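Listed below are the residues making up each chain.
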Amino acid sequence: MKAIVYNGKKNVDVENVEDPKIEKSDDIIIKVTSTAICGSDLHLIHGMIPNMPKGFRLGHETMGIVEEVGKDVVKVKKNDRVIIPFPVACGHCCYCEHGQFSQCDNSNPNGEAGGIFGYSNTFGGYAGGQAEYLRVPYANVGPTIVPEELQDEQVLFLTDVLPTSYWGVDIGGVKRGDTVVVLGCGPIGLTAIKWCILRGANRIIAVDNVGYRLKHAASYKGVETVNFEDYDNTGEYLKEITNGGADVVLDCVGM
Ligand SMILES: [Zn+2]
Ligand SMILES: [Zn+2]
């Protein structure tokens, strides 16, 4: 099959690689129908995450059709259409039992955090889903069946972008009436803005320096935009226009 592989800093190729196989009784193999490129993939490509061997398959935002199931898989069956959340999680350790799947104790023998698809040996060494096929371990936990009437593009962001942005808004404690500054208007920033609107934020100020992204943010009713290249000290400017500072600032750029 073909897959997108890391071949060193700023060097990514499409290559023929070995097909994934069922390795454990609760694995599945999916035929990938859609997969996304994430801002977090840039951290890998820029060499910021250690333990990326050459030939490592990228991709952690993936969905597809179940092609093969291990004998202990009960949650999904062949031909089901599923989304695959990006954390690899066992479902029964202390962290998983508390819903903290990204901190799973069993899915990553190489570090403290849990495993992530396509995200280096530091995060478990799991081959990624920017490929024709993907092996999904712990298939009774992560994979979730998608209703037939929804298109791939309507649900693909559930693999990372929507829950990630929601989590940021949630732990930021955004509530009705708040003033929120959102730093960065990529997919995470834009969806965070939508969650803030749903939560009843009174004032949302979106910050970026990319014109089309700011334009997109401004198309949401009531959202103000600031291009940080227009100000010598954007922080001071934001402090001034919010009369002393926002209630919540969401950093949607990272690293
Ligand atoms: Zn991602
Ligand atoms: Zn776990």
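First, a word on what this report is: a plain description of the structure on this page. (Residues numbered from 1 in each chain as written. Chains lettered and ligands numbered in written order. Predicted model: local features only at pLDDT ≥ 70, side-chain atom pairs only at ≥ 80, totals over all residues. Heavy atoms only, no water.)

1. Side note on the coordination of the zinc ion (ligand 2)
We apply this condition: For Na, K and Ca the donor cutoff is 3.2 Å, while for all other metals N, O and S atoms must lie within 2.8 Å; water is not among the atoms, so some sites may look incomplete. Summary of the burial criterion: residues with accessible area below 20% of their type's maximum are buried, those above 50% are exposed, and those between are partly exposed, where the area comes from a 1.4 Å probe applied to protein chains only.
With distances of 2.3 to 2.4 Å, the protein atoms coordinating the zinc ion (ligand 2) are C90 (SG), C93 (SG), C96 (SG) and C104 (SG). Sequence positions of the residues that donate to the zinc ion (ligand 2) give the spacing C-x2-C-x2-C-x7-C. Like C93, the residue C96 is buried in the burial classification.

2. Some words on the sheet that holds strand 2 (residues 12-16)
To keep things clear, this is the line we draw: Note: two strands are recorded as paired if DSSP finds a minimum of 2 bridges between them. Only DSSP runs of H or I covering at least 4 residues are called helices, and only runs of E covering at least 2 are called strands; the numbering of each starts at the N terminus.
Here we have three strands laid out as an open sheet, ordered 2-1-4, and antiparallel in their pairing. At either margin of the open sheet sits one strand with a lone partner, and together these are strand 2 and strand 4 (56-57). Pairing analysis gives two bridges linking strand 1 (residues 2-6) to strand 4, with the strands arranged antiparallel. Opposite Y6, over in strand 4, you have F56 as the bridge partner.

3. Some thoughts on helix 5 (residues 187-198)
To keep it simple, the criterion reads: Under the convention used throughout, the expected extent of a helix is 1.5 Å for every residue step, that is, one less than its residue count.
Between its first and last C-alpha atoms helix 5 spans 17 Å; for 12 residues at 1.5 Å apiece the expected length is 16 Å, and the two agree. Those residues of helix 5 lying buried are G189, L190, T191, A192, I193 and C196. G200 sits one or two residues past helix 5 and shows a positive phi near 85°.

4. Let's talk about the side chain of E61
This is how it is decided: Charge counting treats Lys and Arg as positive and Asp and Glu as negative, with His and both chain ends excluded. One side-chain nitrogen of Lys or Arg within 4 Å of one carboxyl oxygen of Asp or Glu is enough to make a salt bridge. Polar contact is defined as a pair of N or O atoms within 3.5 Å, subject to the rule that within protein one atom must be able to donate a hydrogen and the other to accept it, and that residues adjacent in sequence are counted only when both atoms are side-chain atoms. Residue contacts are defined here by distance: any two heavy atoms, one from each residue, within 4.5 Å place the two residues in contact.
If you trace the backbone, E61 turns up in the loop between strand 4 and strand 5 (62-69). Lacking a salt bridge, the buried E61 has R213 as its closest oppositely charged neighbour, with an N-O distance of 12 Å. One polar contact links E61 to H60, side chain to side chain, over a distance of 3.5 Å. Ignoring any residue separated from it by four or fewer positions in sequence, one finds E61 in contact with S34, T35, A36, C38, L156, T159, D160 and V161.

5. Brief notes about the coordination of the zinc ion (ligand 1)
Condition: Square planar and octahedral assignments, for four and six donors respectively, both demand that opposite donors be over 155 degrees apart and that all other angles lie between 65 and 115; tetrahedral needs four donors with all angles between 85 and 135 degrees, and anything else is irregular.
At this site the zinc ion (ligand 1) is bound by C38 (SG), H60 (NE2), E61 (OE) and D160 (OD), with donor distances of 1.8 to 2.3 Å. Here the zinc ion (ligand 1) is ringed by four donor atoms whose angles at the metal span 95 to 129°, and the overall shape comes out tetrahedral. All donors to the zinc ion (ligand 1) come from one chain, and their sequence spacing reads C-x21-H-E-x98-D. Residue classification places H60 among the buried residues on the basis of a relative accessible area of 3%. In this structure E61 comes out as buried when scored by relative accessible area, which is 2%.

Honestly, it's all geometry; don't read function into it.
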